[in-house]
Amino acid sequence: MQRQENRNTQKQSQRTRLTPQQMLNVKVTEMPINQLEEFVRNQVIENPALESTPSDNADYGSDIPLSSNREEGDDRVVESSSMTYAEDRIPVGNNYSDRPERVFGNTESFLDKLNEQIGEHDLSEKQREIINYLIGSLDDDGLLRKSIVELTDEMTVYENIDVAPEEVADVLKILQSFDPPGIGAQSLQQCLLIQIDRKGKGRIQQLMHTVVANYYDDIKKNHISHIQTALGLDDEEKEQVRAELRRLNPKPGSSLGETQGFSINRIIPDFIVDTDDSGRVTFSLNSGNLPKLSVAPSYEESLSEYQNNPSALSFTKKGIDSARGLISALEQRQRTMTLTMKAIIQWQYRFFQDGDETDLRPMRLKDIADRTGLDISTISRVTNVKYAQTRWGVFPLRFFFVDKYTNENGEELSTKEMKLALKDIIDHEDKKHPLSDIALQREMKARGYDLARRTIAKYRDQMGIPKAILRKE
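What counts, and where the lines are drawn
- Residues numbered from 1 in each chain as written.
- Predicted model: local features only at pLDDT ≥ 70, side-chain atom pairs only at ≥ 80, totals over all residues.
- Heavy atoms only, no water.
- Axes fitted to C-alpha atoms, helices over the stretch in contact; angles between N-to-C directions.
- Helix = DSSP H or I, 4+ residues; strand = E, 2+ residues; numbered from the N terminus.
- Parallel < 35°, antiparallel > 145°, perpendicular 65-115°, else oblique.
- Left-handed = near helix turned anticlockwise from the far one by under 90°.
- Contact = heavy atoms within 4.5 Å.
- Nonpolar A, V, L, I, M, F, W, Y, C, P; charged D, E, K, R; others polar.
- Salt bridge = Lys/Arg side-chain N within 4 Å of Asp/Glu carboxyl O.
- Buried < 20%, exposed > 50% of the residue type's maximum accessible area, 1.4 Å probe, protein only.
- Phe/Tyr/Trp six-rings, centres within 6.5 Å; stacked < 30°, edge-to-face > 60°.
- Core = buried A, V, L, I, M, F, W, Y, C linked by side-chain atoms within 4.5 Å.

### Here's the deal with the packing of helix H13 (residues 310-347) against helix H15 (residues 365-372)
1) Next: The geometry of H13 relative to H15 is characterised by a closest axis approach of 9 Å and an angle of 115° between their N-to-C directions. Between H13 and H15, the angle is such that the two are roughly perpendicular. Judged by the twist between their axes, the crossing of H13 over H15 is right-handed. Contacts between H13 and H15 involve Leu-339, Thr-340, Ala-343, Ile-344, Gln-346 and Trp-347 from the first element and Asp-367, Ile-368, Arg-371 and Thr-372 from the second.
2) Next: Grouping the amino acids of the contact of H13 with H15 by side-chain chemistry returns five nonpolar, three polar and two charged.

### A closer look at the pattern of salt bridges
1) Next: Here the structure, examined in full by the defined rule, presents 18 salt bridges.
2) Next: Between Lys-238 and Glu-239 there is a salt bridge, with the nearest N and O atoms lying 3.6 Å from each other.
3) Next: Classification of Lys-238 as buried rests on a relative accessible area of 16%.
4) Next: Judged by its relative accessible area of 36%, Glu-239 is partly exposed.
5) Next: Among the salt bridges present, the one from Arg-333 reaches Asp-270, with a minimum N-O distance of 4.0 Å. With Arg-333 in helix H13 and Asp-270 in the loop between strand E4 (262-263) and strand E5 (271-275), this pair connects stretches of sequence that are 63 residues apart.

### Brief notes about the packing of aromatic side chains
1) Next: For the coordinates displayed, the defined rule picks out nine aromatic pairs.
2) Next: Ring centres of Phe-352 and Phe-400 lie 5.0 Å apart, and the angle between their planes is 35°; this geometry places the pair in the tilted category. Here the residue Phe-352 occupies a position in helix H14 (residues 349-354), and Phe-400 occupies one in the loop between strand E9 (393-396) and strand E10 (404-406), the gap between them amounting to 48 residues.
3) Next: The exposure class assigned to Phe-352 is buried, which follows from its relative accessible area of 0%.
4) Next: Centre to centre, the rings of Phe-399 and Phe-400 are 5.4 Å apart; their planes meet at 80°, and the pair counts as edge-to-face.
5) Next: Relative accessible area serves as the criterion here: at 0%, Phe-400 is assigned to the buried category.
6) Next: Clustering of aromatic rings is evident, with ring pairs tying together Phe-351, Phe-352, Phe-395, Phe-399 and Phe-400.

### Focus on the nonpolar core
Within soluble globular proteins, side chains that are nonpolar generally end up buried alongside one another.
1) Next: Grouped together as the largest cluster of nonpolar side chains are 28 residues, with contacts concentrated most on Phe-271, Val-273, Met-341, Ile-345, Phe-352 and Phe-400.
2) Next: The set of elements that each furnish at least two residues to this core consists of E5, strand E6 (281-286), H13, H14, H15 and helix H16 (376-382).
3) Next: Counting residues per element, this core draws most heavily on H13, which supplies six residues.
4) Next: If we ignore the near neighbours within four places in the chain, the residues touching Val-273 are Val-281, Thr-282, Phe-283, Met-341, Ile-345, Phe-352, Ala-388, Gln-389, Thr-390 and Arg-391.
5) Next: Listed in part, the 22 residues of the second largest apolar core include Leu-114, Ile-131, Leu-151 and Phe-178.

Following this line, the structure appears as structure tokens:
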């Protein structure tokens, strides 16, 4: 005979809880300038203790001595001042025609489309917080290459959202039901399967699902004949399946007006970097149309009047504290962003001088965190969805972060430099006899890049360049 027992157990765990001011600092720092302007306008409307006056230069954080500090081990001085953005400062072109085109206009953006679809679902406030975080975590292809556990931990630590993995998984399913099909997938394989399942349940669709689910490695290696034999397909079915698979979009983020992650919505740079003819580099933090904020004098004066009215006193104090908190957060944002951009320019100084991508040095978030003394998560927030206008074009800040590779001589090379070399070799190959990955490996080695064949294949895939057999003309 078995006996069932109920037992209560206690478990201690530690969780990082951010103060309201810290949460506001994080929120304000993450916002690009266009979102920040709208946020501040709403705060001024909602809080009568917050007084605003038009300002050509909302000089939050201007007390930083930027023109004289030198970073250790770097003799370059990068000067900065706050300024207001002017649209006519955007360069009409640059000298590097193979860069993705940045389109400026009022076209609806990728984020707008996703936000529209959020409104079509009856979500709780917590679910909205989760889905907004998931959307913010999508990569340039529109995929979410993080595990449920990672996402749960990030939301708990960084966003102060007390959420369980099951809740994140449920909301992720909702996101994956959005258009375009495949958005929010956690891998390319899942992305393709989502698109196939949205096509219906016909014979070809069922075959496509089987092929992607069970023969994914064969697809990547272009082993179509092996798949045909394994599934007993005739030639017509094989060609139909292959043709339909080619119609699938491995980068659903690009189908809503994104090119390599750039929105066709109007891009307003958060930084303006100037390089004069002598090679001297300066930069400015774009304050946009931010007003100058202060606590309304009438509110501060009324504190003494409400000493005998606890309710009115509490309301007034709350408004004043909220106003001071926002002003402090804006000052903190400018200090943090200025320190971060200054470090990025000093690290990638040669690129900002000549605009040559091969001059980009290996640089990680940790490198900038170490140089500025800021936390790596702060650097991540500052550089996410923000842009810098330079003499050579407008770039997302993440463009300047480059992985490194150490060759057999111990030299550190940037992956961007190697990708450009690889692209140059492929661009000049004989298209009637395109180079295989092994041949590309030999050509790269001749240029001083001793890479493994699988690394060549990885870089080629990341640049969206097909295998040799598919490049043949």
